[in-house]
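Spelled out from the first residue to the last, the chains are:
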Amino acid sequence: MNYQERFRMFCALLCLSGLFFGLGFAVGLPMITLRPQKFALCFTFGSLAFMMSFAILKGPNEHFMGMLESDRLVFTTIYFGSMLATLYFTFSVGGVSGYFTVLASSGLQIMALIWYLISFIPGGAAGMSVLFSGILKMLKPLLVGCAKIWKKFITSVFNWVTQ
């Protein structure tokens, strides 16, 4: 595949991972106290799609060889181990013990994904800081608008209830 095709595939997989993460946080997170498996599945598939997007962009062989370098081997083991543990506990362990094991493996997976972002994005933590500050700067007007609408909605509901 040439770079343009890889970049298209990167964007498609990144959007797919965003969809899975969005489902995890919009559907799974509110239900996490009842069924953490919903969040765990969405988050795990989002993590896989996210990792695959960067593998396609850099080239799968080069990306996976980079993950197996000595300074990243611990991360790779924790990341893949947490994803496999999350899937295993989601599908095979039920009841209270399944509840806590799914939550623990999902928490470990979230920490590993943050570590992945810091170690693989060019510039590391500084690059992440610049990236997130740019995203926040772009999203700030949207967030402020949503907060104003939410305030207006809460005020009208409160006025309706108190009348």
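A. Focus on the overall build of the protein. Counting secondary structure elements, the protein contains 6 helices and 0 strands. For the protein, whose C-alpha radius of gyration is 19 Å, the value lies well above the compact-globule estimate of 15 Å for 163 residues. Dimensions of the protein along its principal axes, counting C-alpha atoms only, are 65 × 45 × 30 Å. For the protein, buried positions account for 31% of its 163 residues. By sequence separation, contacts in the protein at least 24 residues apart represent 67% of the contacts at least 6 residues apart. Here the protein displays about 10,500 Å² of accessible surface, and carbon together with sulfur accounts for 76% of that area. Charged side chains of the protein number 11 positive and 4 negative; the gap between the two group centres comes to 25 Å.

B. Quick peek at the nonpolar core. In this structure, Phe 50, Met 51, Tyr 79, Leu 113 and Tyr 116 are the most contacted members of the largest nonpolar core, which totals 17 residues. For this core, the secondary-structure elements that each account for two or more residues are α1 (3–28), α2 (36–58), α4 (73–92) and α5 (95–120). When residues of this core are assigned to their parent elements, the largest contribution, 6 residues, is made by α2. With residues near it in sequence (within four places) discarded, Met 51 still touches His 63, Met 67, Tyr 79, Phe 80, Met 83 and Tyr 116.

C. A look at the packing of aromatic side chains. Per the stated rule, a full pass over the model turns up 14 aromatic pairs. An angle of 70° between the planes, with centres 5.4 Å apart, marks the rings of Phe 10 and Phe 54 as edge-to-face. Here Phe 10 is found in helix α1, whereas its partner Phe 54 is found in helix α2, with 44 residues between them in sequence. With centroids separated by 5.0 Å and ring planes inclined at 50°, the aromatic side chains of Phe 21 and Phe 43 adopt a geometry described as tilted. Taken together, the positions of Phe 21 in helix α1 and Phe 43 in helix α2 put the pair 22 residues apart, joining distant regions of the chain.

What counts, and at which threshold
Residues numbered from 1 in each chain as written. Predicted model: local features only at pLDDT ≥ 70, side-chain atom pairs only at ≥ 80, totals over all residues. Heavy atoms only, no water. Helix = DSSP H or I, 4+ residues; strand = E, 2+ residues; numbered from the N terminus. Rg over C-alpha atoms; globule rule 2.2 N^0.38 Å. Buried < 20%, exposed > 50% of the residue type's maximum accessible area, 1.4 Å probe, protein only. Contact = heavy atoms within 4.5 Å. Areas by Shrake-Rupley, 256 points an atom, 1.4 Å probe, with all protein chains shown as cover. Lys, Arg positive; Asp, Glu negative; His and termini not counted. Charge placed at Lys NZ, Arg CZ, Asp CG, Glu CD. Core = buried A, V, L, I, M, F, W, Y, C linked by side-chain atoms within 4.5 Å. Phe/Tyr/Trp six-rings, centres within 6.5 Å; stacked < 30°, edge-to-face > 60°.

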